[in-house]
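Each chain, written out:
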Amino acid sequence: FIQSNLRTPLIAMSEDRISKLYPHVNEAQLPRAWSSKDRWQFIKLSRTNLRVHYNGQGKNHKDAASVRATQPIPAACGIYYFEVKIISKGRDGYMGIGLADANVNMNRLPGWEKDSYGYHGDDGNSFCSSGNGKKYGPTFTTGDVIGCCVNLIDSTVFYTKNGVNLGVAFDNVPQNLYPTVGLQSPGEIADANFGDRPFVFDIEGYMLEWKTKLQRQITTHVSPVCDSDIDSVLKKIVFGYMVHHGYCGAAESFSKVTNLFFLEDIPSIQSRQRVQNLVMRGCIGEAISLVHELYPSLLTAQPDLLFKLQIRNFIEMINSLSSPDPASHPYSIASLMNGSEEAEQRMDVDHKPEGLESERPPSRQSLEQILLFGRELAAQHTQDEALKQQLKEAFSLLAYRDPRQSPIGYLLDPSQREQLCADLNSAILESHGLPRQPPLELAISQAKNTVGRMLESGLGAAAYSGLDKFLKCSLKPQ
Amino acid sequence: YFIQSNLSDEMPVKCESDLNAVRLLKEQDPAQLYGAVRHIKNRVIGSKARKQEYLDVGILPELISVIKLKCSPMSVEAAYICNSLAHGGRHYVEHLISSGLVETLVEGVFLDDQKLVEACLRTIRTVYQYPDLEACQNLWETDNFIPRLIELMTSSEVAGQCCAMIIGSVCKTREQQAILSTTPILANIHTLLQTDSAQANLAGLYCLSELTYDNHFVAQEVKVKEALVKRVFELMRRDRYILVQYNAAKCLTNLFRLGVIEGETCKTQILDTIVYLCLYEDIAIKHIGANLLHELIEQNSELQLWASYSQHLMRGLSRFFVASKDPDFSPRLRAAAFKAFAALGETQEDIRKNIIEGENIISHLKFGLQDDNLEVQVAALSCLHSLSRSVKQLRTTLLDAEVWQPLLKLIKTDDNELVRTSSRTLCNLLLDFSPSKDILLEQEGTVELLSKLVLNSDEEVKLNGVWALMNITYKANPELRSKILSHFGVLQILETVEDDCPKLKIKALGLLRNILCDADEVDRIMTSHGREVLKTLVPILSRDGPWSDEEREQVVCVFINIATGHIAKDLLSEREDLLTCLLHLLSHENSQLQIAATTCITHLVKSDDSGCLDRQNKLKEMGHFRELQLLLAARPEIADRAKIALQYFQ
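The text that follows walks through the structure, step by step, so that each part is easy to find. (Residues numbered from 1 in each chain as written. Chains lettered and ligands numbered in written order. Predicted model: local features only at pLDDT ≥ 70, side-chain atom pairs only at ≥ 80, totals over all residues. Heavy atoms only, no water.)

Before going further, it helps to spend a moment on the overall build of chain B. Across its full length, chain B holds 42 helices and 0 strands. For chain B, whose C-alpha radius of gyration is 33 Å, the value lies well above the compact-globule estimate of 26 Å for 650 residues. Based on the C-alpha atoms only, the size of chain B along its principal axes is roughly 115 × 50 × 50 Å. Taken across its 650 residues, chain B has 56% of its residues classed as buried. Split by element, the accessible area of chain B, about 28500 Å² in all, is 50% carbon and sulfur. Each charge class in chain B can be summarised by its mean position, and for the 70 positive and 88 negative side chains these summaries are 3 Å apart. (Helix = DSSP H or I, 4+ residues; strand = E, 2+ residues; numbered from the N terminus. Rg over C-alpha atoms; globule rule 2.2 N^0.38 Å. Buried < 20%, exposed > 50% of the residue type's maximum accessible area, 1.4 Å probe, protein only. Areas by Shrake-Rupley, 256 points an atom, 1.4 Å probe, with all protein chains shown as cover. Lys, Arg positive; Asp, Glu negative; His and termini not counted. Charge placed at Lys NZ, Arg CZ, Asp CG, Glu CD.)

Shown next, in the form of structure tokens:
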């Protein structure tokens, strides 16, 4: 589904650029400007707090002044980068660009104090928490663009000058540092770019280098478990997946080859599959009847699940009402060819379903009937606020001339049946004393959660795990 | 640069069925024949020992006849057996070529059978991994072969790869490059680059780099294909296979050297990739990276500066000198590092200072100059040459390190490249402000050695010899001067002045100028060789000659020196042709020549010795006086000199 982009292009461009650079971090947590509060008095800011001016006396180092960015650099960035363009070197060009902890005195240039790091324009030296500089790179002056990159994967920092990588300046750098710039002589002016505009240095190229490096490390990682164990684990995962989702025939063949045993008898799997097929095809009413028939006490014991099914039933009714051209709706095709041979052949099932009658998709109902059904639903009692909300949304579909184009049109999408189908399947399994989730899903959730926890606890490497791409999901914290 | 898997050498097992299989190649029955080629193919792939075994039993002619049957699938299998044999190495390839395999394969390429065509192409490609082999030269001349390859490039990915590799390795001259670039080959290469297959990308990039190497015409053709250039940049990114990155960087380096790549971002991206290669963990990659760095930055001081501070590159390069685990590979690494340092220090004093002070290169250099490996020696010399362009280093580090010692040894060797680079470096060491100059001149035989260089058949060595002689004669004492003249006499100098090479001519004139440096010396030489000197030099001043202003200026400067002699002055004034030339030069459009001619006349009319009145009168008569008066209205630097000259006229 292609989403229309309603944001204005300009903002969209810079936001896209930033979210592309740091896909695992919320934009609000990123440094985006210099802080108007967190600065020494000789620093003046302009141009939406991106330009820094020095307006002190600049007699000696006691007149040095720095400013921190609004936010520290989140470790979940993996690799963080910003650039500073020297607009004017002022009288002496005593400018320092770097990083500082929240507690560092701003009456100093970055690098002089403990927990601060800087690269200075007048001598090209690097300063690592010390007043004594180390020979590092070339000097810089008016017109130069200096970049500072924090690699949170290997805890190093390097600088760039006019797009050229100057190599590692510091290692063992701690986390939670703020981008910082310091000036010391009158007339010095510098502009920062925190990613809103394109960088001079090819930071994407550098990120790609690390992404490639880390993903290669993951793919070539040798598991401490021996190969034959991995093999049997993988077989169990595949088998579990087949059984869980009711792919009986495949599971039977697989078990013959692998000598894995069924924990559930085959008719039971087939029954679950029948229920699932009904839900996935939108025949909710029939699904409910079948569940009542096969598992008499299940829905009585779980009224919320029943209620969810009924809401879905309600939505499916609206669905059948609102699809103008039956051909455009795959489930409507079935309704036209109700019970025909072709419909049977289309079904991707392992066994011939018993009794085509129960496979019948919802037939078109009149608006009155649908409304009646809705009202009955609304009259039912539920404690769950979320369910009440769902019902409300379902009702609001009726308010639109073309519900598919409405803001809640997604409710009509067949993919919305998947979760319900999974919930129902899990409930059935649970009632039989079997696990709710197949091992594959457990493993995926485990991996996602682990990467999420790693990002939260400041392991920068997790930003380039590649898991999101692999699973086609988003790992961004909500 | 394809990474080859190590072939395991198994013990040769003579097997009756093998010999039988070879016998079966003569078989008429298709099924039996097919069985035999399959059997041989399966046994020969991956085993060097068996390759040799099969060659020994004379399998090649049989295989060639099977290919000549032009019948799939046995001809295909036979071609693959040949391909496997060719993978065995140079020795096998030589065998294959001499048995006439290539001709058969070339015929096969023209068939309609795609599988057989591909098998033939693959085998030709493998054979042409050694394009330096003598028998490899004639593919270009084979009728319609290259057009056929270009046509086949689009028939399949495999065919495309092989054709690109073959064309890349047979394309050797500028003409061939130009002819190829007018065919659809660039579009076909683009197709290979578009795929996600690293092998196809490599083949395409290899072909492109061969096509674009040092060829302005092709570079312009490539430049207009913006999508192609953009794709090459994409292939240089870090998620690509390392050799794809390298080959893309190589293509872009070629284009950059030809002035086709512009823009800071593009330049920094190429540089960044090459620096990345230089610092890569694999030594083979480091090696090709450093060589490519040399190509990229030589003669470009901007990139030299950027490279000098990029990613602590110089520290990384100096680690190349630490012996690697592979003793055979170490010398190549050292040579590559020296070459890279030579390029880095080519133009800028600050970079030279950093190389010497930061990386302690001098101790490596001293070892490098005495290395067993010729390539290392040459590279070390070019690095030393680069560093010797610094006045400061000449007076300090290079003096202390006594680099002249190994240099004198190397210059006496037989290797032309060594003599060339060492004599080039020696010139700098013999400059007046270099303290090594005196030390060198104290050594027995130095002057003789330099004179011998001039007799060398190599243009550059000859030039360096004259250059060095010119340097040592500068402000030389009479003793040294006569020593020099005894080894390299005036007639020899004049002969060198008449050389066709303009650079050599200039240096020879400089040498002559330095020899003719005081009045007594001038008179002595002009008495003995005056006639020859004038005979050689005067024609150069004539208006219609093919000489450049620079050469004329040098000649006038020689005459300025000659005009300081007493007898010599008269000799010059007698030559009316010379005086006419000087008169013309006074009104020349080149102010340097005007100034030189004015100075020369000043010396001639100076009133401090006898005969000056006669000379003045003569020059008045010929119109020099009037011409000088006209010059008073010229630019100050000319007018001032004209004024001085005029003051001498009484």
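A tally of regular secondary structure across chain A gives 15 helices and 14 strands. A burial count over chain A gives 46% of its 478 residues as buried. Pairs at least 24 apart in sequence give 65% of the contacts found in chain A among residues at least 6 apart. Accessible area for chain A stands at about 24500 Å²; split by element, carbon and sulfur atoms hold 54% of it. (Contact = heavy atoms within 4.5 Å.)

Turning our eyes to something else, we now look at the pattern of salt bridges. All names here are of chain B. By the definition in use, this model includes 44 salt bridges over all chains. Among the ionic pairs, E107 bridges to K70, the shortest N-O distance being 3.7 Å. Note that E107 is positioned in helix α7 (residues 101-109) and K70 in the loop between α4 (59-68) and α5 (74-86), a separation of 37 residues in sequence. Where R524 meets E521, a salt bridge forms, and the shortest distance between an N and an O atom there is 3.1 Å. Of this pair, R524 and E521 both sit in helix α35 (residues 519-541), 3 residues apart, roughly one helical turn. (Salt bridge = Lys/Arg side-chain N within 4 Å of Asp/Glu carboxyl O.)

Take the interface of chain A and chain B next. Facing the 17 residues of chain A at the interface are 13 residues of chain B. In total, about 1400 Å² of surface goes out of reach between chain A and chain B, with carbon and sulfur atoms giving 56% of it. The three residues of chain A that bury the most area against chain B are V164, L208 and E209 of chain A, which together make up 32% of that side's buried surface. Counting the contacts that link chain A with chain B gives 2 salt bridges. Measuring nitrogen to oxygen at the nearest pair gives 3.5 Å for the salt bridge that ties D202 of chain A to R237 of chain B. Our count for the chain A to chain B interface comes out at 3 residue pairs in polar contact (both at pLDDT 80 or more). (Buried area = accessible area lost by both parts, 1.4 Å probe. Polar contact = N/O pair within 3.5 Å; in protein donor to acceptor, adjacent residues only side chain to side chain.)

W34 and Y159 of chain A together with F559 of chain B are the most contacted members of the largest nonpolar core, which totals 299 residues. Formed by 19 residues, the second largest nonpolar core is a distinct cluster that contains I284, V291, L309 and L424 of chain A. (Core = buried A, V, L, I, M, F, W, Y, C linked by side-chain atoms within 4.5 Å.)

To continue, consider the side chain of S318 of chain B. For S318 of chain B, the position within the fold is in helix α20 (residues 313-318). S318 of chain B gets classed as buried once you look at its relative accessible area, which sits at 13%.

A word on α7 of chain B. All names here are of chain B. The buried fraction of α7 amounts to 7 of the 9 residues, a majority that puts the element mostly inside the structure. Three or more residues of α7 are buried, namely L101, V102, T104, L105, V106, G108 and V109. Looking at the buried positions of α7, the neighbouring elements they touch are α4, α5, α6 (90-98), α8 (114-127) and α9 (145-152).

Here the focus is the sheet that holds strand β2 (residues 43-46) of chain A. All names here are of chain A. A sheet is described by the order of its strands in space; here 7 strands give the open sequence β2-β3-β14-β5-β10-β11-β12, paired in antiparallel fashion. At either end of the open sheet lies a strand with only one pairing partner, and these are β2 and β12 (164-170). Each strand of the sheet is rotated relative to its neighbour by a mean of 25°, with strand direction disregarded. In the sheet, strand β5 (residues 79-89) pairs with strand β14 (residues 188-193) via 6 bridges, with the strands oriented antiparallel. Within the sheet, the bridge partner assigned to V84 lies in β14 and is A192. Lying on the sheet, helix α2 (residues 203-219) is in contact with β5, β10 (145-151) and β11 (156-161); it crosses β5 at an angle near 155°. (Pairing = 2+ DSSP bridges. Axes fitted to C-alpha atoms, helices over the stretch in contact; angles between N-to-C directions.)

Here the focus is the packing of aromatic side chains. Considering all chains together, one arrives at 23 aromatic pairs over all chains under this definition. Arranged with centres 6.2 Å apart and planes meeting at 80°, the rings of Y159 of chain A and F170 of chain A form a pair that is edge-to-face. Highlighted residues: Y159 of chain A in strand β11 and F170 of chain A in strand β12, separated in sequence by 11 residues. One exposure class covers both Y159 of chain A and F170 of chain A, and it is buried. Aromatic ring contacts, followed pair by pair, group Y117, Y119, Y136, F140, Y159 and F170 of chain A into a single cluster. Over the ring of W210 of chain A we find K213 of chain A, and its NZ or CZ is 3.9 Å from the ring centre. The ring of Y276 of chain B carries the charged tip of R238 of chain B above its face, separated from the ring centre by 4.5 Å. (Phe/Tyr/Trp six-rings, centres within 6.5 Å; stacked < 30°, edge-to-face > 60°. Lys NZ or Arg CZ within 6 Å of the ring centre and 35° of its normal.)

Residue and element names in this part refer to chain A. Taken together, the 7 strands give an open sheet; going across it, the order is β1-β4-β13-β6-β7-β8-β9, and neighbouring strands pair in antiparallel fashion. Both edges of this open sheet fall to β1 (34-39) and β9 (134-135), since each of them pairs with a single strand only. Strand direction decides the pairing type here: strand β7 (residues 116-120) and strand β8 (residues 125-128), joined by 3 bridges, are antiparallel. Its bridge partner lying in β8, Y117 is registered against C128.

All names here are of chain B. For helix α42 (residues 636-648), which comprises 13 residues, the first-to-last C-alpha distance of 19 Å matches the rise-based estimate of 18 Å (1.5 Å per residue) to within 8%. Those residues of α42 that fall on the buried side of the exposure criterion are I638, A639, A642, A645 and L646. Considered in projection along α42, the buried side chains sweep an arc of 125° and stay on one side of the axis. In α42, those exposed residues whose orientation departs by more than 90 degrees from the buried face are P636 and Q647. Its buried side turned inward, α42 meets α39 (591-605) and α41 (624-631). (Expected span 1.5 Å × (residues − 1). Arc of directions from axis to C-beta.)

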